[in-house]
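Here is how the chains run, residue by residue.
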Amino acid sequence: MNNILEVKNVNKSYDNFALKDISFSLPKGMIMGLIGENGAGKTTTIKIILNLIKKYQGNVQIFGLDNSQNEKEIKEDVGVVLDDSFFPDILTAKDINIIMKGIYQNWDSNLYNTYLTKFNLPNNKQIKNFSKGMRKKLEIATSLAHHPKLLILDEPTSGLDPVARSEIIDIFQEFIQNSECSILFSTHITSDLEHIADYITFINNGHIVLSETKDEILEQYALVKCRKDEFEKINKNDYLKYKKNVYDYEVLIANKNEFKKKYDIKVIDKITLDDLMVLMIKGEE
Amino acid sequence: MLGFIKKDLLMIKSNWKFLTILFIVYIFMSFSNQMDISFILPFMSVMVMISTFSYDTLNKWDNYATALPNGRKNLVKAKYVATVFVIILITLLTTILSILISVFHHDPVNFNELLITIISSIFATLLVQFIMYPIIYKLGIEKARIAIFVLVFGLVIMGGIIINCFDLSFIGKYLNIISDYLIIIIILLTIIFYLISYYISLKIMMKKEY
């Protein structure tokens, strides 16, 4: 079993939204970034993986086991940060330690307290008196303290300042040092992923646009900047999307090397995940 | 499951200042004969447990708990166990308080009467809670508050109509016949309601989509 997580042909319909044929896999020892605009289906996908949503078509396997049939066994080894749900905020970090000892078999109070110290989080202060960043750090400390093999994090860095985000990213990198562990990490702050992700899965409007290694994406995809007359010479099959600016055109291409051979356009910039997301969502075909 | 029970109890503990003030007010009212001690139990117990549901909802705890091992099942189980724990605690407090009030008023303590009052109080309280919990799990605390209000209001009106329209003296006769077993019957009924309510709540939670 090389894949720690496998999502196969998952479909889920709501009145005004549907996840369509979602498939991707996350190998051991890797970090996958799940990107997409708000409402694209990232959280729904995560909820399906965690069995928070039970009625869907398709198959989800974690550690080679079916996620609904082996739910308890799987969840003992999964650490979770959800976007907007956590412990009631009248509790303290100390209370969470007491509670979690009775929930996870492998709960490690020492490790938990180490994270609290590392993040400068007070033990006896009610969560409602924490700043948003402190609360997020507490959620992350809680997700890590039972030695999980898989971390599933929905927007773990949202609301954090750049310093705190960098601290969290370092913690994730430490976590992944164990080659048996993986992280699935949804975010719209794509710059975080450019530092740490091995794989990128991009969801738009309920379906997967791409799921590839980050290096492949950054190597193959590129942003061409050109004048109108240059753009008009580009064959429609040679680009994915384009955006018309006041003075130039931004064109998203999926095969940088072939494009370079075929066209004499000077400005071919490296693509960022942000550019990729914006052009894929807002660009014209 | 222990962790989930501890969570509810720690939440109640976090509210100790408010609960202590409330309890002192009740004590004062009971000593000055403004309120019967048997009212404290249902009021306090229902209020304490409903407040845990409210805090859970506010922070979407159920969502998070479902992502934990055996979360759906333990979430429900813990609420029912914590309810019994709270009832036992408040019962102990009210029993001591009742004895103290009797001593204060120089009344002889009638333990038999006290026992029946307390057990009936526990039964009535748990009955209300056991009706409430499945409704809360199904509708959420906000809608459930309205539904429970309508339900209780409806039951009171229905009770009033029945008492006014029908001759219920036969019930008194039956109560006399079973009076020796009244406590056992009440305990058995409480256990039956407990189990029925628990399984309905569990069924609702196991199917719930987040």
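Participant: Quick rundown of the overall build of chain B? Include the residues and the values.
Facilitator: A tally of helices and strands in chain B yields nine helices and zero strands. Counting from the amino terminus, chain B carries its helices and strands in the arrangement α-α-α-α-α-α-α-α-α. Pairs at least 24 residues apart make up 81% of the contacts formed inside chain B by residues separated by at least 6 positions. Of the roughly 11900 Å² that chain B leaves accessible, carbon and sulfur atoms contribute 76%. In chain B, which carries 16 positive and 10 negative side-chain charges, the distance between the mean positions of the two groups comes to 16 Å.

Participant: Describe in detail the domain arrangement of chain A, supporting the description with residues and values.
Facilitator: Residues and elements named next belong to chain A. As far as domains go, chain A holds domain 1 (3-212) and domain 2 (221-282). Using C-alpha coordinates to define each centre, domain 1 is positioned 34 Å away from domain 2. On the domain 2 side, the residues contacting the 13 residues of domain 1 number eight residues. Of the roughly 940 Å² buried between domain 1 and domain 2, counting both surfaces, carbon and sulfur atoms make up 73%. On the domain 1 side of the contact with domain 2, Thr-190, Glu-194 and Phe-202 bury the most area, a combined 40% of that side's loss. For the pair domain 1 and domain 2, the interface holds zero salt bridges. Elements with a minimum of two residues in the side of domain 1 that touches domain 2: helix 7 (190-196), strand 9 (199-204) and strand 10 (207-213). A class-by-class count of the residues in the side of domain 1 that touches domain 2 yields six nonpolar, four polar and three charged.

Participant: Got a sec to walk through the pairing of strand 6 (residues 78-81) of chain A? Specific residues and values, please.
Facilitator: On any regular strand, side chains alternate: one points to one face of the sheet, the next to the other face. Residues and elements named next belong to chain A. Here strand 6 shows two buried faces, one formed by Val-78 and Val-80 and the other by Gly-79 and Val-81. When strand 6 meets strand 7 (residues 150-154), the two strands line up parallel, connected through four bridges. Of the residues in strand 7, the one forming a bridge with Val-80 is Ile-152.

Participant: Outline the interface of chain B and chain A, listing residues and values.
Facilitator: Between chain B and chain A, the residue contacts involve 26 residues of the former and 32 residues of the latter. For the pairing of chain B and chain A, the buried interface totals around 2700 Å² over both sides, and the portion due to carbon and sulfur atoms is 60%. Per-residue buried area on chain B facing chain A is highest for Asn-59, Tyr-64 and Pro-69 of chain B; these three make up 25% of the total on that side. Our count for the contact surface shared by chain B and chain A stands at two salt bridges. Of the charged contacts, one joins Glu-209 of chain B and Lys-12 of chain A as a salt bridge, the two residues approaching to 3.3 Å between their closest N and O atoms. Between chain B and chain A we count 12 residue pairs in polar contact (both at pLDDT 80 or more) in total. Put simply, the parts of the chain that give the side of chain B that touches chain A at least two residues each are helix 1 (2-14), helix 3 (37-58) and helix 4 (61-66) of chain B. The element contributing the most residues to the side of chain B that touches chain A is helix 1 of chain B, with eight residues. Its residues assigned to classes, the side of chain B that touches chain A shows 13 nonpolar, six polar and seven charged.

Participant: Now, about the packing of helix 1 of chain B against helix 5 (residues 71-104) of chain B: what can you tell me, with residues and values included?
Facilitator: Residue and element names in this part refer to chain B. Running from amino to carboxyl end, helix 1 crosses helix 5 at an angle of 50°, the nearest separation of the two axes being 7 Å. Regarding the angle of helix 1 to helix 5, the classification is oblique. Remark: the crossing between helix 1 and helix 5 carries right-handed chirality. Facing Phe-4, Ile-5, Lys-7, Asp-8, Leu-9 and Ile-12 of helix 1, the residues of helix 5 in contact are Gly-71, Asn-74, Leu-75, Ala-78, Lys-79, Val-81, Ala-82, Phe-85 and Val-86.

Participant: Describe in detail the pattern of salt bridges, supporting the description with residues and values.
Facilitator: Scanning the model with the defined rule gives 23 salt bridges over all chains in all. Asp-84 of chain A is the salt-bridge partner of Lys-60 of chain B, the closest N and O atoms lying 2.6 Å from each other. Taken together, the residues span two chains, with Lys-60 of chain B in the loop between helix 3 and helix 4 and Asp-84 of chain A in the loop between strand 6 and helix 3 (93-101). Residue classification places Lys-60 of chain B among the partly exposed positions, given a relative accessible area of 38%. Put simply, Lys-7, Asp-8, Asp-56 and Lys-79 of chain B are held in one network by salt bridges that share partners.

Thresholds applied
- Residues numbered from 1 in each chain as written.
- Chains lettered and ligands numbered in written order.
- Predicted model: local features only at pLDDT ≥ 70, side-chain atom pairs only at ≥ 80, totals over all residues.
- Heavy atoms only, no water.
- Helix = DSSP H or I, 4+ residues; strand = E, 2+ residues; numbered from the N terminus.
- Contact = heavy atoms within 4.5 Å.
- Areas by Shrake-Rupley, 256 points an atom, 1.4 Å probe, with all protein chains shown as cover.
- Lys, Arg positive; Asp, Glu negative; His and termini not counted.
- Charge placed at Lys NZ, Arg CZ, Asp CG, Glu CD.
- Domains from an automatic or database assignment.
- Buried area = accessible area lost by both parts, 1.4 Å probe.
- Salt bridge = Lys/Arg side-chain N within 4 Å of Asp/Glu carboxyl O.
- Nonpolar A, V, L, I, M, F, W, Y, C, P; charged D, E, K, R; others polar.
- Buried < 20%, exposed > 50% of the residue type's maximum accessible area, 1.4 Å probe, protein only.
- Pairing = 2+ DSSP bridges.
- Polar contact = N/O pair within 3.5 Å; in protein donor to acceptor, adjacent residues only side chain to side chain.
- Axes fitted to C-alpha atoms, helices over the stretch in contact; angles between N-to-C directions.
- Parallel < 35°, antiparallel > 145°, perpendicular 65-115°, else oblique.
- Left-handed = near helix turned anticlockwise from the far one by under 90°.

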